[in-house]
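A closer look at the structure
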Amino acid sequence: MLKDYVQPKTVDGVLASLRQGNARIIAGGTDLMLDMKAGKTEVEKLVDINCVDSLKKIEIVDGSIIIGAAVTHQEVATSKLIQEKAPVLAKACRTVGSLQIRNTGTMVGNVINAQPAADAAVALIALGAVAEIFDENGISYLPVEELYLGVGQSKIDSSKQLVTSIKFPSLQSGQGSAFVRLAQRGALALPMLNVSVVVTLSGDKVDWLRLVMAPVAPKPVRATEAEKMIQGKQVNEETIIATANAVASQANPRDSALRGSGEYRKSVLQTLVKRGLIEAFAEAQK
Amino acid sequence: MAKTVLKMILNGKPVERLVSFDDTLLDALREDLGLTGTKKGCGKGECGACTIIMNGKAVNSCIVPALQAMDAAVETIEGIGTVEKLHPLQETFVDYGAIQCGFCTPGMIMSAKALLDKNVVPSREEIKEAIAGNVCRCTGYLKIEEAIMAAAEMMQSQQGK
Amino acid sequence: MKKTSIVGKNVRKLDSVEKAMGAATFTTDISLPHMLYGKVLRSPYPHAKIINIDTSEAEKHPGVEAVVCYKNTPRVKFNTSATSTFTIPPLQPVEDQYVFDSVVRYVGDEVAAVAAESMEIAEQAIKLIKVEYEELPAVFDPLEAMKTEAPLLHGQCKEGRNIPGEKIHMEMGDVEKGFEEADEVFEHTFKLPVQKQAQMETQAAVAKVGVDGRVTIWSTTQTPHPSQRILATIFGLPYSKVRVLNPPYIGGGFGVRIGLSAKAEPIAMALAMQAKKPVKVVYDRKEDFIASDTRHSGYVTVKTGVKKDGTFTARKMRGLLNAGAYCSWSAETPGVLGAMGLSVYRCANQMYDGHSVYTNTTPGGAMRGFGNPQAMFAIESQVDIIAEKLGLDPLDIRMKNMMKPGDQWVLPYKCQSSGLEECIKKGAAAINWDCRGKVEKGSTKKRGIGVGIGSHVSNAWPFCGDYSNAYITIHQDGSVLLATGVPDMGTGTITTLAQMAAETLGISFDKVSVTFADTESTPFDIGSHASRTCYASGIAVVAAANDAKKQILQYAAKKMEVEEEELQIENNNVLAINNPEKQLPLNKVAVDAHLEGQQFIGVGKIVPENAPPWLAHFAEVEVDTETGKVKVVKLVAAHDVGKAIHPQIVEGQLHGGLAQGIGYALSEEIKYNDKGQQLNDGFHKYMLPTAVDIPELEAIIVEAAEPSHPFGVKGVGETGLVATAPAIANAIFNAIGIRFFEIPITEEKVYKALLNKENE
């Protein structure tokens, strides 16, 4: 039974409130409120982080983009900085749920909620993002990729820890990115598949590529074999098709009665990867 | 049941109400404040019938904790127009046949208002995006979009004056 | 047709300002002093016997004021649908439900209910009810359920294993002879999904029991009068002691509450009678999805004999629908499916057989179209197959065979008017039919154009009884109160009825008020369904208005010393037709009559004929061959509505129907797992279209006046989705050359079909 709801103004205040026990952080609350109603989350106190000004920033510091924990999907999606320096993330955030959901749900919350197909997480992993974590032991950092423990399970314990921000290098010229999504309708739908690509070219060759796909496993998956394979290759149709074919070995989507068979999604994944690569290469070559 | 006082600026006026810690903003509006214009279609943020504007943004009040509205400016369908002077959106929703059963209407109008408050020259795509989270099962959305376009034009000419 | 001044105009809808301001009252908005909140405990099993139920803990829970289950509610069988109140003998209604039973027959079936001071307490309390179940074998598919080893859901049925009601058989001419005359015979079976109405307001009721024993029920029903009878019968009360009304608005219906609102009314009533306080029962969205009627899923088989030139010589159809766990409308829907399926094309030799089958799934009931969309997906897909095979243009084969006024058909009423040819021609022009097949086809995105035609009804007869009544009362100031028993669930009913009343009376529209959907203030009407309000209730309203008008003119004739026949009412004035200067304002006439002890009260009591509206739907689609995703680019719906009383309302009906038709064709479906659980139980899992999924829509109104209605009206409430799915499926065929025999045509089905085609 919920007995208290506090809105601290500082990160220290948030941690102090958590220390008193039986508490949990709430940001947008889009998932948490439903879990509480369904009895999935039992908690006595909610610590709302929306009044902490330092958590509401989107900024660029020394070439790194920092997005605070209280920043909503819509703020990310419409940020000029993100649209310019990390378009893959702006696009991913724009596809979440509906405008109302994007106006409340935070990007960091989406990552910590650890759903296999979290759009923002898929993009952030491709961007090589790292989370900044505060707890009673001080500050630590973990790549977003490593935050996932399993379906709906994060390494972050929101009753003790606060992710203050997520940070990743901004994209430079010669880099390109893409976010491709297949869903059963244009809004209010979880993805059947989503793919994020970040690529760096040197000349007409691929310097390196990060390719993340979901939901093809309990957490977003880096197509490391395809990434390796494409390194140093010429940007052309042949490379794109070979890379798209190579992702299959690392994708094991399960059969979903609601969102398509594993067989279908595995097969059509290659199309999405192909389209993602074409878009990212084009952007990098601009 | 543990309760506390929620203070907010509701439709331009300060209000204080005792709410439960686990109340949603929709509970507070409908049950505690008697503002039943805002509808509950699913209780899960999946249909938009409960859409209100909080600090200038359209949100699903059914999944916003009531206490997250502390000190916030909250607008509901009851606060945007009067019988004597309907809001341009109310006017055009009526005149363009955008209203059938009327259950999605309050949320739909609030989503549209949040858009037009920031942008009185929206494209058709921007309108669609703004109301994509508002399910309407009656109209097929077409007349709703036309009404929003028409309201935008009304607001442009009002602002031009 | 006489020139009209109000009919045909887009007047401001009577309900719209209230709705735009959030001031309109719906059942879910009602709050009464001391009102309690009801919550239902539902079965987790598809089929089980309740061995023991212990409600004692729930009863002791603080704040709980009533707990009901099969032990303390009436053992009176009923049918939640209104069919039980107007099934015409010798047919008998199928009554197979109790408020609560000791056997549960689908996941979500009612086990018990609690009324408590708050919803939270009620939710806690139902968890305290201990139920011991003995699981029974369950069956989910209608074909399986007819086999001898299948469990019986409701004991022996007279027509066959698990078959509710009567099997439907229709026949005309000699089908076998017709097939012999054919050059080619085509036979295909089509599979149809469970579609959900997904109206925005969930099933809801508030029941109040007065100290005098009179019961008032505010609810979301589409049929207050029939619902009054169902409820009074269950609880053994005189009808006059049970008032059923809408408050007055309903958040959509689409057929889901023709009769009771699932069981919201009887459960609220049972709880209120026990608690002696008002009780509100509002289904949550999941309950609405799993425990409230759906469109019938099932199978439709069509066999057609054709001459080389495309002339149909014989058609045989079979419809097999999944009734779900209780009958609801399952005895009637197969009839409408067959009758509509056989009535679009002229064919001398036709036969239909159809019925439903009980299974352990959510009951199938009424949803917009009522069997007709199922029929037309099959027929219109097959007509396209035939055209393709014979090398005919899909429009030519339709024009060649389409029903025309005077043609013989299986229905007991006449086809007296048809604008179908005009619909096809105008629709074809709007979709650029001439470009069909000539559209530039990209390598991975392929475009196609398709068509589907159809018809429907303008009321419920002959599938069940249909009649309407209306009162018109002229106030002393010449303003008018219209009383009609039909709800306005968003379809503009009260506005169009008021328009017809004002037009007939010769008074201005703003002088008319309407009381509606209330058993205490309105005469009996079978309710808002079957595309009937504008047609059937409209005829009653016009009759009432004419009756009132006759009284006015009789009275005025004496006053004005003019023959009654020479008088007319125009613009709120009674005037002499040949001498318009001779006039009396209506308010003067009314107040004079009042002072002499007379009020003009018109009564309309009618039994309607019926009339077919006609429609042609055209779709343009784009298929992404690399993902299987189908995008509808444009939809055109040309409809012969007889006369559009309010064109904007008509367009709105068509747009809404089209949107539901897109969902039916491509994405909407409730699926089950092997435990009988509904997988798509909320908006997030049920893929109805959002604003961004809707293509360009074009509604074209065609008006071929219908002689059986005073203003020429035909029904339009359901037609918008009758042929949408086949038009889209036919467009997909045109785009990629693949025929789908099952909807929804999801991205995965398209993708797999494309792969199979490649591998052939």
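Every value quoted in this text rests on a predicted model; they were computed, and no experiment measured them.

1. Describing the domain arrangement of chain A
Residue and element names in this part refer to chain A.
- Per the domain assignment, the segments of chain A are domain 1 (4-169) and domain 2 (175-284).
- Centre-to-centre separation of domain 1 and domain 2, based on C-alpha positions: 25 Å.
- Taken together, the two surfaces of domain 1 and domain 2 that pack against each other cover about 1800 Å², and 63% of this comes from carbon and sulfur.
- The interface formed by domain 1 and domain 2 contains three salt bridges.
- Note that R181 is salt-bridged to D119, the shortest N-O span being 3.0 Å.
- Of all the secondary-structure elements, those providing two or more residues to the side of domain 1 that touches domain 2 are α5 (87-94), α8 (119-126) and β8 (148-150).

2. Topic: the pattern of salt bridges
- Taken as a whole and assessed by the stated rule, the structure comprises 67 salt bridges over all chains.
- R12(C) is the salt-bridge partner of E91(B), the closest N and O atoms lying 3.1 Å from each other. In this pair, E91(B) is assigned in helix α2 (residues 88-95) and R12(C) in the segment before α1 (16-20), connecting two distinct chains.
- Exposure remark for R12(C): the relative accessible area of 36% places this residue in the partly exposed category.
- The partner of R398(C) in a salt bridge is E380(C), with the nearest N and O atoms 2.6 Å apart. Of this pair, R398(C) sits in helix α12 (residues 394-401) while E380(C) sits in helix α11 (residues 372-390), and the two are 18 residues apart along the sequence.
- What makes R398(C) buried here is its relative accessible area of 0%.

3. A word on a nonpolar patch on the surface
Residues and elements named next belong to chain C.
- A grouping of Y471, I601 and V603 is seen on the molecular surface, where their side chains present a nonpolar patch of about 230 Å² in accessible area.
- Along the chain, the position of V603 falls in strand β25 (residues 601-606).
- Classification of V603 as partly exposed rests on a relative accessible area of 35%.

4. Regarding the interface of chain C and chain A
- At the interface, 21 residues of chain C touch 22 residues of chain A.
- Together, the buried faces of chain C and chain A total about 1900 Å²; carbon and sulfur atoms form 54% of this surface.
- The largest contributions to the chain C side of the interface with chain A come from E626(C), H684(C) and M687(C), which together make up 28% of the buried area.
- Scanning the region where chain C abuts chain A turns up four salt bridges.
- A salt bridge links E626(C) to K274(A); the nearest nitrogen and oxygen atoms lie 2.3 Å apart.
- The tally of links from chain C across to chain A stands at 14 residue pairs in polar contact (both at pLDDT 80 or more).
- Top contributing element to the side of chain C that touches chain A by residue count: helix α19 (residues 747-759) of chain C, with four residues.

5. Side note on the interface of chain C and chain B
- Listed per partner, the contact involves 49 residues of chain C and 44 residues of chain B.
- Summed over the three residues of chain C that lose the most area to chain B, namely M21(C), M200(C) and A691(C), the buried surface amounts to 20% of that side.
- On the surface where chain C and chain B come into contact, there are six salt bridges.
- For the salt bridge of K39(B) with D29(C), the shortest nitrogen-to-oxygen distance reads 2.5 Å.
- Contributions of two or more residues to the side of chain C that touches chain B are made by α1 and α17 (647-666) of chain C.
- The biggest single contributor to the side of chain C that touches chain B is α17(C), with eight residues.
- A class-by-class count of the residues in the side of chain C that touches chain B yields 21 nonpolar, 18 polar and 10 charged.

6. Overview of the packing of α2(B) against helix α3 (residues 105-118) of chain B
Residue and element names in this part refer to chain B.
- Their axes nearest at 10 Å, the elements α2 and α3 cross at an angle of 130°. In terms of orientation, α2 and α3 fall into the oblique class. When you trace α2 past α3, the crossing you get is right-handed. Note on element contacts: α3 touches α2 through T105, M108, I109, A112, K113 and L116, opposite L89, Q90 and F93.
- The residue makeup of the contact of α2 with α3, split by class, is six nonpolar, two polar and one charged.

What counts, and where the lines are drawn
- Residues numbered from 1 in each chain as written.
- Chains lettered and ligands numbered in written order.
- Predicted model: local features only at pLDDT ≥ 70, side-chain atom pairs only at ≥ 80, totals over all residues.
- Heavy atoms only, no water.
- Domains from an automatic or database assignment.
- Buried area = accessible area lost by both parts, 1.4 Å probe.
- Salt bridge = Lys/Arg side-chain N within 4 Å of Asp/Glu carboxyl O.
- Helix = DSSP H or I, 4+ residues; strand = E, 2+ residues; numbered from the N terminus.
- Buried < 20%, exposed > 50% of the residue type's maximum accessible area, 1.4 Å probe, protein only.
- Patch = residues over 30% accessible without salt bridge, like charges linked within 9 Å, V, L, I, M, F, W, Y side chains within 5 Å.
- Areas by Shrake-Rupley, 256 points an atom, 1.4 Å probe, with all protein chains shown as cover.
- Contact = heavy atoms within 4.5 Å.
- Polar contact = N/O pair within 3.5 Å; in protein donor to acceptor, adjacent residues only side chain to side chain.
- Nonpolar A, V, L, I, M, F, W, Y, C, P; charged D, E, K, R; others polar.
- Axes fitted to C-alpha atoms, helices over the stretch in contact; angles between N-to-C directions.
- Parallel < 35°, antiparallel > 145°, perpendicular 65-115°, else oblique.
- Left-handed = near helix turned anticlockwise from the far one by under 90°.

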